[in-house]
2 protein chains.
Amino acid sequence: MARGKRNFDIIIEGGTLLTMVDGEDPLPGARVLISGDRIEEVSTRQNSPLPETNALISAEDAIILPGLINAHGHSPMTIFRGLADDLPLKTWLFDYIFPAEAKHLNPDTVYWGSLLGCLEMIASGTTTAVDSYFFADQIVRAADMAGIRALVAQGVIDFPAPGVPDPKENLDVGMAFLERWIDFSDRITPGLFCHSPITCSASTLRQAYEISTRFNLPLQIHLSETQEELEEIVEKTQLRPAFFLDDLGLLNSNLIAAHAVHVNDEEIDLLASREVKIAHCPESNMKLGSGIAAVPQMLRKGMTVGLGTDSCASNNNLDLFGEMDTAAKLAKVAFLDPTLLDAKSVVRMATIGGAQLIGLENEIGTIEKGKKADIIIISTKTPHMTPIYNPYSQIVYSATGADVRDVIINGTIVYRDRQFTTLDKAEILNEVEKIGQRIGAL
Amino acid sequence: MARGKRNFDIIIEGGTLLTMVDGEDPLPGARVLISGDRIEEVSTRQNSPLPETNALISAEDAIILPGLINAHGHSPMTIFRGLADDLPLKTWLFDYIFPAEAKHLNPDTVYWGSLLGCLEMIASGTTTAVDSYFFADQIVRAADMAGIRALVAQGVIDFPAPGVPDPKENLDVGMAFLERWIDFSDRITPGLFCHSPITCSASTLRQAYEISTRFNLPLQIHLSETQEELEEIVEKTQLRPAFFLDDLGLLNSNLIAAHAVHVNDEEIDLLASREVKIAHCPESNMKLGSGIAAVPQMLRKGMTVGLGTDSCASNNNLDLFGEMDTAAKLAKVAFLDPTLLDAKSVVRMATIGGAQLIGLENEIGTIEKGKKADIIIISTKTPHMTPIYNPYSQIVYSATGADVRDVIINGTIVYRDRQFTTLDKAEILNEVEKIGQRIGAL
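Residues numbered from 1 in each chain as written. Chains lettered and ligands numbered in written order. Predicted model: local features only at pLDDT ≥ 70, side-chain atom pairs only at ≥ 80, totals over all residues. Heavy atoms only, no water.

Topic: the interface of chain B and chain A
Thinking step 1. Contacts between chain B and chain A engage 64 residues on the former and 64 residues on the latter.
Thinking step 2. Three residues stand out in chain B for area buried against chain A, namely Asp86, Pro383 and Tyr389 of chain B, and they jointly supply 16% of the buried area on that side.
Thinking step 3. Along the contact surface separating chain B from chain A lie six salt bridges.
Thinking step 4. Here lysine 381 of chain A ties to glutamate 433 of chain B by a salt bridge, and the two come within 3.3 Å at their closest N and O atoms.
Thinking step 5. Where chain B touches chain A, the interface holds 30 residue pairs in polar contact (both at pLDDT 80 or more).
Thinking step 6. Ranked by residue count, the leading element in the side of chain B that touches chain A is helix α14 (residues 425-439) of chain B, at six residues.
Thinking step 7. Of the residues that constitute the side of chain B that touches chain A, the class distribution is 31 nonpolar, 20 polar and 13 charged. (Contact = heavy atoms within 4.5 Å. Buried area = accessible area lost by both parts, 1.4 Å probe. Salt bridge = Lys/Arg side-chain N within 4 Å of Asp/Glu carboxyl O. Polar contact = N/O pair within 3.5 Å; in protein donor to acceptor, adjacent residues only side chain to side chain. Helix = DSSP H or I, 4+ residues; strand = E, 2+ residues; numbered from the N terminus. Nonpolar A, V, L, I, M, F, W, Y, C, P; charged D, E, K, R; others polar.)

Focus: the pattern of salt bridges
Where charged atoms from two side chains of opposite charge come close, those side chains can pair.
Residue and element names in this part refer to chain A.
Thinking step 1. The final tally for this structure, using the stated rule, is 45 salt bridges over all chains.
Thinking step 2. Note that arginine 81 and glutamate 120 form a salt bridge whose closest N and O atoms lie 2.8 Å from each other. Remark: glutamate 120 occurs in helix α2 (residues 107-123) and arginine 81 occurs in the loop between β7 (68-73) and α1 (89-104); sequence separation between them is 39 residues. Each of the two residues, arginine 81 as well as glutamate 120, counts as buried. (Buried < 20%, exposed > 50% of the residue type's maximum accessible area, 1.4 Å probe, protein only.)

Quick notes on the sheet that holds strand β3 (residues 30-35) of chain B
Two modes of strand pairing occur in sheets, parallel and antiparallel, and in both the strands are linked by backbone hydrogen bonds.
Residues and elements named next belong to chain B.
Thinking step 1. One open sheet holds the four strands; their spatial order is β4-β3-β1-β5, and the pairing between them is mixed. This sheet does not close on itself; its edge strands, each paired only once, are β4 (38-44) and β5 (52-58). Strand-to-strand twist of the sheet, defined as the mean angle between neighbouring strand axes without regard to direction, takes the value 20°.
Thinking step 2. Where strand β1 (residues 7-13) lies against β3, four bridges are found, and the strand directions are antiparallel. (Pairing = 2+ DSSP bridges. Axes fitted to C-alpha atoms, helices over the stretch in contact; angles between N-to-C directions.)

Digging into the packing of aromatic side chains
Thinking step 1. One pass over the structure, following the stated rule, counts 10 aromatic pairs over all chains.
Thinking step 2. The interplanar angle of 80° and the centroid separation of 4.9 Å between the aromatic rings of tryptophan 181 of chain B and phenylalanine 184 of chain B together place this pair among those described as edge-to-face.
Thinking step 3. Residue classification places phenylalanine 184 of chain B among the partly exposed positions, given a relative accessible area of 36%.
Thinking step 4. Between the NZ or CZ atom of lysine 287 of chain A and the centre of the ring of tyrosine 397 of chain B, over which it lies, the distance is 4.7 Å. (Phe/Tyr/Trp six-rings, centres within 6.5 Å; stacked < 30°, edge-to-face > 60°. Lys NZ or Arg CZ within 6 Å of the ring centre and 35° of its normal.)

The following block contains the structure:
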């Protein structure tokens, strides 16, 4: 290295930078300097020569954005994408999804499904996945290979489950999972995911909470996704679900509650006061006819809300750009107010909101000096992205995941000029096609 | 030509064909033979040698679908894409859109904006546009150059409008427009578009209807897009809007009503009995906070419903794949029934439904012998399209417009391997960027 001249691992040069730091404006002609896994400097290229670098990424005609954070998903379920749609919820679950899971899930199918999920997430700009399913070791394996950042949780349910035939062992399996992966990687955090307050007993919920607290890890749960679930809990406990979970001592800032569609004002106040984090999944909630979460109200109460795709069995893709668009539009039409969830708020939800959801707001979610280099570059020299008056609008209302050109995670370029650097796309598509054929694909 | 051996202009070979003909199943390994502007034969490649052709398009790992029909749009408004979002409706219109139109619309900006719209529609699989705006001659010019099929209507409004400063002349301008283009092209049909029952007087509406009838052309109108509009008409006429239009004699199968959000049961029955066609624009209705059209009810009444993007000032793209996805999901969550607007119904709405809307159901909207060759090919060898259990699901819930690889309109390949053959993309983006900069783009 020449004296006085730093060499950076990656430099991103040109383009409009959206740092997503509160109060910062879009920065044109940006320069982002990356060393190792961290952002070293955020500046503009104006009046200063280009430092040396191993990898120069031009972001001319592009937007530079923090990597998106998928706040709720089950990536292995890519193998069931489109298997059963447009059905009543119970038919969908009991006649299609549960039997398919029972018959076709094993470590191998979960592994390849997770890899397909990683391919899809990376290609559409997701750099962090909050994921959960059975055979979660395989999700860890896939996330590790893909180079994606992830909170991977082992599913806990008081029914015989794939890989956990005896529900009595579900917490032992979960605990062993945490022990196995807790010190494994800087990028991958293990966790537990209690399926829901109706499919897990009070005792299971309490123990899962205790284990998560002991490991200082977030606990995930589905909360009040459907009206039926709400009614079942009220009948069983005489409490609305949030109050039931509060009675069990589960509500605090370590709890990530997905959906939260059927929560009333008192429950929102309670969840807000306990600092519970919400994973909003608008497309899944729409497609299953579940209902509409009161996200604007949650944000007004100061709650942390991330944005999730849910699984490919209920969405059917992992594109957070589509999810941002839908989240913004759904809030407007649901509450008949076009000013709700403006574009910037929605981008915030999919970036720093997701980071806060998993307690990584000091590491990821914005582009600023010292943070991990999780960055995406979005092409704008296309018909549907021209002209640009407001880059936040363009991202939310005009773009799709297909506009993502480059993806950097933890300082590694995992997707460059739309080519994967860590994963073998052809092999993964081929393996999942074979799995699909066994399940019944065309 | 060798004796007994036909030469076809285009052959599409392989892939899964969705003809969208009622009762026909997806056809794997399809072969579509095209001569001139028409489909000559639809078969499979099994056991029969490939005929000679000038252009062989392989559709291996792809879905072959009738070109999509955008039932309602204002393509020149691409120049205002993202100019003003997340605002109260009146602020949006009166503080942003109307002043921008007054200041920046002229034949030149409308022409380039229309060309950008054509680029975007073609690249996302739209082969027919039902379009309307001021300076409509320029839309015709652009559609002609692009090779897209279009019903292009000149806007009629009883206010000073771009290109029509004196509203007294709006119908003369409209009539001259029809006369100018009625015999111009097989692909392009002129028409009139009355802005709405509140911005056009009863006399204007009646005359526009008479002129359209005289030319045997469809008449377009915005109907009950917002609650305010509904209330204004009820106050002015003591009639709900559909009944008001019926009193004027406007309701029949030549009328295309866009939006139809705030129509009650009696109005739906009336519109159905008069065979009025509906252009459903779910994304625009959501984004402006207008409300949700009762499309499942309209379809149950046997109404013709097409799917439209509306303009880029209220959406902000022209991607009908996103619109299909949103239409399906919105109906399910609005009426809390996941079986509503299933994937196939939505694809039907965007293809043959759109064809019926403009009275071209015998010419376009399905892939069958004798129809015009308006065909798109959708790539499926990608992470988010793998595996495939149901191609309709895949199109509606997994794909975006970016998955469109090839587009044929009227027997001409206008987009091949994602390259435009009729339009100069770089020039159009450049011209619209310059227009955007004058308006205030980044």
